[in-house]
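# Geometric and topological summary
Listed below, chain by chain, are the residues.
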Amino acid sequence: MKKLLALCLTAVLCLCCLASCGSAHKENEWFSEEKLTNCLVGDLPTITKDYVNHDDGDIYVSFTAGEREAYVVSVFEYLKSQNFKYLGTRGEQASTLAGSFTTYYFKPATELSEFYVGSSYKFVYSDGTLDEGGDPIFCILTIYDYEAKNLEYGTKNFAYNTLITLRYKSEAPLSGRYALNEEEHEHTGEWHTSESTHYYQYTCGCSSPDIAELHSDYDENFICDICGYKMSEIPTPTNYFLRNQAGCEWLNEITAEDIAEIKIISGAVGVAPGNLNNVSSSTDEAVIARIFEEYYWLDTAPISKMEGQIDGGGGVTVKFILKDGTAKELYINNGNYLDSNGNYFELLFTPQFNGTDNATKAYGFITYLGTGTVYDKDKNYVCEIPIDELEFVESDGCVDAVVTGYYYTVETEFGTLYFDYSNDLFYLQFEEGEVDYIEFYRLVGKNLDELIAEYSIIEE
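All of the points below concern the structure found in this document. Note that this is a predicted model, so its numbers are computed, not measured.

By size, the foremost hydrophobic cluster in this structure holds 30 residues, and its most contacted members are Leu44, Leu79, Phe123 and Tyr125. Going through the elements one at a time, strand S3 (58-61), helix H3 (65-81), strand S7 (120-126), strand S8 (139-153) and strand S9 (156-168) are the ones with two or more residues in this core. Examining the composition of this core, we find that six residues originate from one element, H3, more than from any other. Ignoring any residue separated from it by four or fewer positions in sequence, one finds Leu79 in contact with Val41, Phe84, Leu87, Phe123, Tyr125 and Leu141.

Written out as C-alpha cells, the structure reads:
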C-alpha cells in the first residue's frame, strides 16, 4: 500500500512538472493584462495569426513583409494616440559596464522610419512618472526582424521571423535603461533657498542636483551671486582655506607657472567597476591659472564625520600635473574633503572647467583593483598596466582595410579589452538579450605600446 501511495505521489509530481513546463510556452495567448497595464499599453494591437507566448513574456510569430509592416504601423499609430510625455527610440549609448548596466539616451522621434534601429523597430516611451532617483521611467516595445528561425518547446517546433518584446524600466535585468540627454535638453526649474544655502530643483522631469551649496557673495552686495537670494548680512568667511588643511599644504608650495596640465576626473561613487568616469583636461595657461587660483583661495567649513561620510553620490579627483613630471592630487567626495588627519571639511564649491574653457573631454574606467593584465596573441603574459591611465573616446570601429596582426588583450576586473587592430583602438563585446554587441573606443592618451614599454621596464 505504501509503495502504491509513493507511486501515485510521484506520478502527480511528474504531471505537475510537465504542466509547469508546458505553461512556459502558450499558443495564441497575448501579453498578460498585468504587463500591458504596467507598461501603459492596455489596448496594444494584437495579432490575428498564430503565435507563441514564450516564458509568459515574449511573442514569437511568422509574418510576411507586408504583415509585419502593417502591424508596425498599427502599433505606431496606437502609441501616438496615447499622448505620452516622451515617445521616441534608442539614442546614443550613455554608459556601460562591459555589457552590464548599459544606459542609452532617449531620442525623440516623430516619423516611423526614425524608430528603426539595427534590425528592429524600437519604441521607447514614458508618461513622465519618475523613479526613486527622480528620472523618468521608460517602457520599451521592440519588434525584431529575423531570418526564419525555429522555436522548440516540448514536442513542438514553431517557425518564426518576428519577435515582439515589452519591457518596463529596462530591456534586460542588468542593462538597457534609458535616460534623458541633458546636453540636448534645456532644464526648467526653481531655486530653493535658506539663510546660508541654495539648490536648484528641476521642474522638467529630470533628476535634480541633490547637494545644497553655500551662498556666494564675492561683490559684497548682500545678494547671492548664484541664486539671487537677499542675505541679511555678508557670509562671514570661515578662513579654513583648503590649502591649510592636512594633505593640501602643497597648494602653498606651487604656483600656476609650475603646472603643465590640470586634469579633472568625475564620476559616480560606489558603482560597479567598468562604469565610466568623465575625464577633462587642459594645458591652457589661462585656464590653469584660473582653476589653480580658485583652489588656492577655496574656503571650507569643518563638518562632522557623520556629515562627511556619504554613500553613493559623486566624486571628483583633481590632478595638478607639474612641469617636472610629478603630480599633486585632490579627492573630493560629494563636495567634502577628508584631510590626512581624518577630519572632514565641506567645500564652499568645487571648481571645475566651464563650457568656454579650452579643455579636452574623454572617458576612463572606474576600477577598484587598479590594474589590468596584458597578454599577447599567444596568451603569454606581458605586464600589468594601471587601468586609470586608459583615457579614450567613443569610436565607430572603422579600421584600416589591412589587418595589422596587432593582437593583445587586457584582462580587467570588469571584462576583456581586445586590441585586435592597433595600439590605440580596442573593443568590449557582450550580449544583450539575443543580440551580440561590440563597443569600440579609441585611446587619446598613451597607447598600449607606450604603456607596455613603460610598465614592462618597471617590472624587470
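From this point, things continue past the structure.
In this section: a negative patch on the surface. A contiguous patch of negative charge on the surface is contributed by Glu257, Asp258, Glu285 and Asp324. Looking at the element boundaries, Asp258 is found in the loop between strand S14 (213-214) and strand S15 (259-268). Classification of Asp258 by relative accessible area gives partly exposed; the value is 32%.

Before going further, it helps to examine the pattern of salt bridges. Per the stated rule, a full pass over the model turns up 14 salt bridges. What you see here is one network of salt bridges that share partners, running through Arg90, Lys122 and Glu171.

Our next topic: helix H4 (residues 285-296). The terminal C-alpha atoms of H4 lie 16 Å apart, and with twelve residues this matches the ideal 16 Å at 1.5 Å per residue to within 8%. Listed as buried for H4 are Val287, Ile288, Ile291, Phe292 and Tyr295. The buried residues of H4 occupy an angular sector of 125 degrees when projected down its axis, which confines them to one face. Turned more than 90 degrees away from the buried face of H4 sit Glu285 and Ala286, all of them exposed. The elements touched by buried residues of H4 are S15, strand S16 (276-282), strand S18 (314-322) and strand S19 (327-333). Regarding H4, its N-cap is Asp284, as a side-chain oxygen of that residue lies 2.9 Å from the backbone nitrogen of Ala286 further along.

Alternating positions in S3 separate into two faces, Asp58 and Tyr60 on one and Ile59 and Val61 on the other, with burial throughout. With four bridges connecting them, strand S2 (residues 51-54) and S3 associate as antiparallel partners. Within S3, the position partnered with Tyr51 by the bridge is Val61. Pairing analysis gives three bridges linking S3 to S9, with the strands arranged antiparallel. Paired with Tyr60 across the bridge in S9 is Leu163.

With a phi angle near 70 degrees, Leu40 is a residue other than glycine that sits in the positive phi range. With respect to the helices and strands, the residue Leu40 is situated in the loop between helix H2 (33-38) and S2. Its relative accessible area of 27% is what places Leu40 among the partly exposed residues. Even without being glycine, Asn83 reaches a positive phi, approximately 55 degrees.

The rules we used
- Residues numbered from 1 in each chain as written.
- Predicted model: local features only at pLDDT ≥ 70, side-chain atom pairs only at ≥ 80, totals over all residues.
- Heavy atoms only, no water.
- Core = buried A, V, L, I, M, F, W, Y, C linked by side-chain atoms within 4.5 Å.
- Buried < 20%, exposed > 50% of the residue type's maximum accessible area, 1.4 Å probe, protein only.
- Helix = DSSP H or I, 4+ residues; strand = E, 2+ residues; numbered from the N terminus.
- Contact = heavy atoms within 4.5 Å.
- Patch = residues over 30% accessible without salt bridge, like charges linked within 9 Å, V, L, I, M, F, W, Y side chains within 5 Å.
- Areas by Shrake-Rupley, 256 points an atom, 1.4 Å probe, with all protein chains shown as cover.
- Salt bridge = Lys/Arg side-chain N within 4 Å of Asp/Glu carboxyl O.
- Lys, Arg positive; Asp, Glu negative; His and termini not counted.
- Charge placed at Lys NZ, Arg CZ, Asp CG, Glu CD.
- Expected span 1.5 Å × (residues − 1).
- Arc of directions from axis to C-beta.
- Polar contact = N/O pair within 3.5 Å; in protein donor to acceptor, adjacent residues only side chain to side chain.
- Pairing = 2+ DSSP bridges.

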